[in-house]
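# Breakdown of the fold
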Amino acid sequence: MPPIIEVKNLCKSFETKEGRVDAAKNISFSVEKGEIFGIIGLSGAGKSTLVRCLNLLERPDSGDVLVNGQSLLAMSPKELSMRRQGIGMIFQHFNLLMQRNVIDNICFPMEIAKVPRAKAKQRATELLETVGMTDKALAYPAQLSGGQKQRVAIARVLANNPEILLCDEATSALDPQTTRSILELLQHISKTMNITVIIITHEMSVVQQICKRVAVLDSGAVAEQGDVKEIFTSPKTEAAKRLVISGVRPVDLMHGKKMVRIIFDGQSSYEPVVGNVTLAFGTPVNIMYADTKDIGGSAVGEMILQLPEDPITAQRMIDYLKERKLVVEEV
Amino acid sequence: MVFEKEMITMLLEGTRDTLYMTLVSTLFGYVIGLPVGILLTVTDKDGIRPNAFVYRIIDIIVNIMRSIPFLILLILVIPLTKLIVGKSYGSSATIVPLVIAAAPFIARMVESSLKEVDKGVIEAATSMGASDFTIITKVLIPEARTSLLVGVTIVTGTILGYSAMAGTVGGGGLGDIAIRYGYYRYQTDVMLVTIVILVALVQILQGIGMIISRKLDRRIA
Ligand SMILES: Nc1ncnc2c1ncn2[C@@H]1O[C@H](COP(=O)(O)OP(=O)(O)OP(=O)(O)O)[C@@H](O)[C@H]1O
Ligand SMILES: [Mg+2]
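Thresholds, definitions, all that
Residues numbered from 1 in each chain as written. Chains lettered and ligands numbered in written order. Predicted model: local features only at pLDDT ≥ 70, side-chain atom pairs only at ≥ 80, totals over all residues. Heavy atoms only, no water. Helix = DSSP H or I, 4+ residues; strand = E, 2+ residues; numbered from the N terminus. Buried < 20%, exposed > 50% of the residue type's maximum accessible area, 1.4 Å probe, protein only. Contact = heavy atoms within 4.5 Å. Pairing = 2+ DSSP bridges. Core = buried A, V, L, I, M, F, W, Y, C linked by side-chain atoms within 4.5 Å. Salt bridge = Lys/Arg side-chain N within 4 Å of Asp/Glu carboxyl O. pLDDT = per-residue confidence, 0-100. Phe/Tyr/Trp six-rings, centres within 6.5 Å; stacked < 30°, edge-to-face > 60°. Lys NZ or Arg CZ within 6 Å of the ring centre and 35° of its normal. Axes fitted to C-alpha atoms, helices over the stretch in contact; angles between N-to-C directions. Buried area = accessible area lost by both parts, 1.4 Å probe. Polar contact = N/O pair within 3.5 Å; in protein donor to acceptor, adjacent residues only side chain to side chain. Near = heavy atom within 4 Å. Areas by Shrake-Rupley, 256 points an atom, 1.4 Å probe, with all protein chains shown as cover.

Moving on to the overall build of chain B. For chain B, the helix and strand inventory stands at ten helices and zero strands. Written out in order from the N terminus, the α and β elements of chain B read α-α-α-α-α-α-α-α-α-α. On the principal axes, the C-alpha backbone points of chain B span a range of 65 × 45 × 25 Å. Expressed as a percentage of the 221 residues in chain B, the buried residues total 47%. Partitioning the intrachain contacts of chain B with sequence separation of at least 6 by distance along the chain shows that 73% fall at a separation of at least 24.

So, in structure tokens, the structure goes:
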């Protein structure tokens, strides 16, 4: 079976007054059915452009987008319109119809698919239950909170039983707690309805919470892609490092002194490493940051240490930590 | 200021004629202006079906028509009016130039209302596989309905004013009465009354339009 989504050498550029902007440079990746795939990048990295190319809201200049092995670019407008009904999309700003109430918003895609009114109403009611919004059926979007609006948007996108769900910064306008609940809902939907989800975000924490694999975008190109845990513990490219660290950095890292980021996971030993380093070298290290995260269901500890200024001691400390099977990364 | 029965009847008939011209012209104005406004919105460069050629052509025609002074237009279209209505005077005849004057104005009002619709909502509809026709009928127009209705109100007021102007060249209605009695026969009281009626009509139409558009707006919690 081919992957559900396959992007091949996709390129897209825009002509602007300031000149040409290469928003997507030779991007290739594929997503397996049922997977939750993350695309992460800083603002302007080209995430929205890329995701909009996946349902041809934006037409790529070159390359191809295959869904279930079929090229979207080769489709006629009619076929594309049909195909789009199977590729749902949710947005940062929800994009609900402001003049329709909640239930009629959910009926909208079914009107497009020519589902009979009574049947559509019934399905909409069921979907409202799925997203936990039954009591707001007759409310208008203006009367809902951001999280509630996104729940309605999710119900709406599920109406035509999509195979694929594209989420462009779907949680970026929400507070952390609402973000978590929306992500849980997406995860639940993906699992129970076997929907493939693509999550676009600039926040590492979002990817950590629900994605198994991730592609890191940097100025229009894929800097690296792979397992979230892999990239989180040992980012190889500058872009990935920046995103991983920016997710944890409470204070701007100070210049001059050497900092390292160490990761503990299931394989790490149970000895108190930080204490032992201090004892073994006779100089203290400064703990700048420490946290435990749940990545794909397993706990991963993360710490940023500031090492002594003397480069030889610092290097020996790094070697010491590496011997203890810790992932050590200079930052 | 006491009016004879005939005078009152005449004023009532004038009011009826003015309303008739205004409402029918607004209606036909929209029959032409609404599709043109939609076309302008859709073919503009950030519309759902950009087409620089079509947009330019309509844009120019609309601009030219809008810059012709109404009084000139009244005279210019006389042959056309005769062809359609059979005569060139009276309230029915006035509807022709009124529609021609109002349509480009309406097209612009419609264009500006439709362009207020959030691009994201249109994009969401496209992502669901909506056709252009569906986007126009189920997204653009319903989402812009408040603004469109405010537009209708403004248009109606403007046409009412134009209809009074047309009265001065034999168009019938209150304008006609005002010029015949107030201006030619120096019956200032009649002129004053017609003005008061015109103002009242504008106020009433304006008020109804605003109430309806506000009633239909769901964007306010
Ligand atoms: N329609 C357009 N016309 C011109 N330039 C564009 C257009 N759309 C995107 N760009 C440019 O392409 C680049 C990538 O934009 P894109 O919106 O894909 O970034 P992003 O990663 O989604 O950013 P953000 O996190 O801010 O949403 C930017 O430099 C942007 O200015
Ligand atoms: Mg974006």
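Here the focus is the pairing of strand E13 (residues 298-306) of chain A. Residues in a regular strand project their side chains so that they alternate between the two faces of the sheet. Residues and elements named next belong to chain A. By the criterion of burial, E13 is predominantly enclosed, with seven of the nine residues buried. Bridging between strand E11 (residues 259-264) and E13 involves six bridges; their strand directions are antiparallel. Paired with Phe 264 across the strands is Gly 301, a residue of E13. By the bridge criterion, nine bridges tie strand E12 (residues 286-295) to E13 in an arrangement that is antiparallel. Bridge assignment links Tyr 289 to a residue of E13, and that residue is Ile 304.

Moving on, we come to the nonpolar core. Looking at soluble globular proteins, one finds that nonpolar side chains tend to be buried together. Among the nonpolar cores identified, the biggest contains 68 residues, and Ile198(A) and Val139(B) are the most heavily contacted of them. With ten residues, the single largest contributor to this core is helix H5 (residues 91-114) of chain B. With residues near it in sequence (within four places) discarded, Ile198(A) still touches Ile5(A), Val31(A), Phe37(A), Ile39(A), Leu54(A), Leu165(A), Leu166(A) and Cys167(A). Counting 55 residues, the second largest nonpolar core, distinct from the first, contains Leu127(A), Leu174(A), Leu186(A) and Ala239(A).

Here we take up the pattern of salt bridges. Where charged atoms of side chains with opposite charge meet at close range, the side chains can pair. What the rule picks out here adds up to 24 salt bridges over all chains. The residue Arg20(A) makes a salt bridge to Asp22(A) at a minimum N-O spacing of 3.0 Å. Since its relative accessible area comes to 56%, Arg20(A) is described here as exposed. With a shortest N-O distance of 3.7 Å, Glu169(A) and Lys47(A) are connected by a salt bridge. Taken together, the residues Glu169(A) in the loop between strand E7 (164-168) and helix H6 (176-193) and Lys47(A) in helix H1 (residues 47-53) connect sequence positions 122 residues apart. Glu169(A) sits in the buried class, given a relative accessible area of 10%. What makes Lys47(A) buried here is its relative accessible area of 6%. One continuous salt-bridge network, built from bridges that share partners, spans Asp44(B), Arg56(B), Asp59(B), Arg108(B), Glu111(B) and Lys115(B).

Now for the confidence of the model for chain B. All names here are of chain B. In this model, chain B carries a mean pLDDT of 92, and residues with pLDDT of at least 70 account for 99%. Mean pLDDT across the elements of chain B ranges from a minimum in helix H9 (residues 173-184), with 86, to a maximum in helix H7 (residues 132-143), with 97. Reported for the predicted complex are a pTM of 0.86 and an ipTM of 0.89.

Attention now moves to the packing of aromatic side chains. Per the counting criterion, the structure on display carries four aromatic pairs over all chains. Judged by centre distance (4.5 Å) and plane angle (5°), the rings of Phe70(B) and Tyr162(B) are stacked. Of the two residues, Phe70(B) is situated in helix H3 (residues 70-76) and Tyr162(B) in helix H8 (residues 145-167); the sequence distance between them amounts to 92 residues. For Phe70(B), a relative accessible area of 7% gives the class buried. When the ring of Tyr183(B) is compared with that of Tyr184(B), the centres are 5.4 Å apart and the planes differ by 65°; the resulting orientation is edge-to-face. Both residues of the pair, Tyr183(B) and Tyr184(B), belong to the exposed class. When the ring centre of Phe232(A) is taken as reference, the NZ or CZ atom of Arg261(A) above it lies at 4.8 Å. Taking NZ or CZ as reference, Arg185(B) lies 4.4 Å from the ring centre of Tyr181(B), over its face.

We now examine the sheet that holds strand E14 (residues 327-330) of chain A. All names here are of chain A. Spatially, the four strands line up as an open sheet ordered E12-E13-E11-E14, and their pairing is antiparallel. The outermost strands of the open sheet, each flanked by one partner alone, are E12 and E14. Between one strand axis and the next, the sheet turns by 20° as a mean value, whatever way the strands run. Helix-sheet contacts for helix H11 (residues 311-323) involve E11, E13 and E14, and the interaxial angle to E14 is about 150°.

Okay, the interface of chain A and chain B next. Taken together, the 23 residues of chain A in the interface contact 24 residues of chain B. When chain A packs against chain B, the two sides together hide about 2000 Å² of surface, and 58% of this comes from carbon and sulfur. Inspection of the chain A/chain B interface yields two salt bridges. Note that Lys138(B) is salt-bridged to Glu111(A), the shortest N-O span being 2.7 Å. Summed over the shared surface of chain A and chain B, the number is ten residue pairs in polar contact (both at pLDDT 80 or more). Elements represented by at least two residues in the side of chain A that touches chain B include exactly helix H2 (77-84), strand E6 (87-91) and helix H3 (102-112) of chain A.

Residues and elements named next belong to chain A. Taken together, 13 residues are adjacent to ligand 1, and Ser 43, Gly 44, Lys 47, Ser 48 and Thr 49 come closest. Alone, ligand 1 offers 630 Å² of accessible surface; in the complex the protein occludes 61% of this. At the level of secondary structure, the elements contributing two or more residues to the shell around ligand 1 comprise strand E1 (5-16), strand E2 (19-31) and H1. The biggest single contributor to the shell around ligand 1 is H1, with three residues.

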